[in-house]
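Listed here are the chains, written in short residue letters.
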Amino acid sequence: MTMKNYFNIVKTFLQDLEYPIHFENESEGIFIINNETEGLKNLIIVVTDSILIVEQYLISLPNASANVYKNLLIKNRDIVHGALVLDEAGEKVIFRDTLQISHIDKNEIEGTINSLILLLSEYSGKLIEFSKQ
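Residues numbered from 1 in each chain as written. Predicted model: local features only at pLDDT ≥ 70, side-chain atom pairs only at ≥ 80, totals over all residues. Heavy atoms only, no water.

Quick notes on the sheet that holds strand 2 (residues 30-35)
Alright, step 1. Ordered by their spatial adjacency, six strands build an open sheet running 1-2-3-4-6-5, and the pairing between neighbours is antiparallel. Edge positions in the sheet fall to strand 1 (21-25) and strand 5 (83-86), since each of these pairs with one other strand and no more. Neighbour-to-neighbour, the strand axes of the sheet open up by a mean angle of 25 degrees, direction not taken into account.
Alright, step 2. As paired elements, strand 4 (residues 51-60) and strand 6 (residues 92-100) share nine bridges and run antiparallel to each other. Directly across from Val54, in strand 6, lies its bridge partner Asp97.
Alright, step 3. Across the face of the sheet, helix 2 (residues 66-76) comes into contact with strand 5 and strand 6 while running at roughly 145 degrees to strand 5. (Pairing = 2+ DSSP bridges. Helix = DSSP H or I, 4+ residues; strand = E, 2+ residues; numbered from the N terminus. Axes fitted to C-alpha atoms, helices over the stretch in contact; angles between N-to-C directions. Contact = heavy atoms within 4.5 Å.)

Examining the packing of aromatic side chains
Alright, step 1. Per the stated rule, a full pass over the model turns up two aromatic pairs.
Alright, step 2. Look at Tyr123 and Phe130: their rings are 6.3 Å apart centre to centre, the planes differ by 70 degrees, and that puts the pair in the edge-to-face class. One exposure class covers both Tyr123 and Phe130, and it is buried.
Alright, step 3. Lys92 extends its terminal NZ or CZ atom over the ring of Tyr57, reaching a point 5.8 Å from the ring centre. (Phe/Tyr/Trp six-rings, centres within 6.5 Å; stacked < 30°, edge-to-face > 60°. Buried < 20%, exposed > 50% of the residue type's maximum accessible area, 1.4 Å probe, protein only. Lys NZ or Arg CZ within 6 Å of the ring centre and 35° of its normal.)

Here we look at helix 3 (residues 106-131)
Alright, step 1. The largest bend in helix 3 comes to about 65 degrees, at Tyr123.
Alright, step 2. Listing the buried residues of helix 3 in full gives Ile109, Gly111, Thr112, Ile113, Ser115, Leu116, Ile117, Leu119, Leu120, Tyr123, Leu127 and Phe130. (Bend = angle between axes of the 7 residues up to and from the residue.)

Some thoughts on the pairing of strand 4
Successive residues of a regular strand alternate their side chains across the two faces of the sheet.
Alright, step 1. Pairing analysis gives four bridges linking strand 3 (residues 40-47) to strand 4, with the strands arranged antiparallel. Considered in strand 4, the bridge of Val46 is made with Ile53.
Alright, step 2. If you look at the hairpin formed by strand 3 and strand 4, you'll find three residues sitting between the two strands.

Observations concerning the nonpolar core
Alright, step 1. Of all hydrophobic cores here, the largest spans 36 residues; its most connected members are Val10, Leu14, Leu52, Leu58, Leu72 and Ile109.
Alright, step 2. Secondary structure elements with two or more residues in this core: helix 1 (3-16), strand 2, strand 3, strand 4, helix 2, strand 6 and helix 3.
Alright, step 3. No other element matches the nine residues that helix 3 contributes to this core.
Alright, step 4. Look past the residues within four positions of Leu52 in its chain and what remains in contact with it is Val10, Ile45, Val46, Val47, Asp97, Thr98, Leu99, Ile101, Ile104 and Ile109. (Core = buried A, V, L, I, M, F, W, Y, C linked by side-chain atoms within 4.5 Å.)

Details of the environment of Asn42
Alright, step 1. Mapped onto the fold, Asn42 is located in strand 3.
Alright, step 2. For Asn42, a relative accessible area of 35% gives the class partly exposed.
Alright, step 3. Separated by eleven residues in sequence, Asn42 and Phe31 have C-alpha atoms that sit 9.1 Å apart.
Alright, step 4. Once residues lying within four places of it in the same chain are set aside, the contact partners of Asn42 are Ile32, Ile33, Asn34, Glu55 and Gln56.

What follows is the structure, encoded as structure tokens:
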């Protein structure tokens, strides 16, 4: 299948799951989802020929201590789908998950997004605390 076909499949899954698509660009394979009641703001979903990437910017850590990074790594162990990662500059904390596109199904996408929503509901206070250090 081509990226175009996967793009349409993913779009159908997102619509079935009732996630509001704020932006889409089929030629780039990008969706942006917003559902602020669940904590999703500019959730980026990228469809490629081989993988599906889900990313949500969470906080900036311009002056984080080793203890903050240690706590984030410990929290990674609790996350069911996806992980907390840093951007290339090491200052932005992002939730990221990658899924193999050739076997993608609605349950996998829902599991990833639910994992992010659960993380935000359980850990947002701690993330805010880290961003203020």
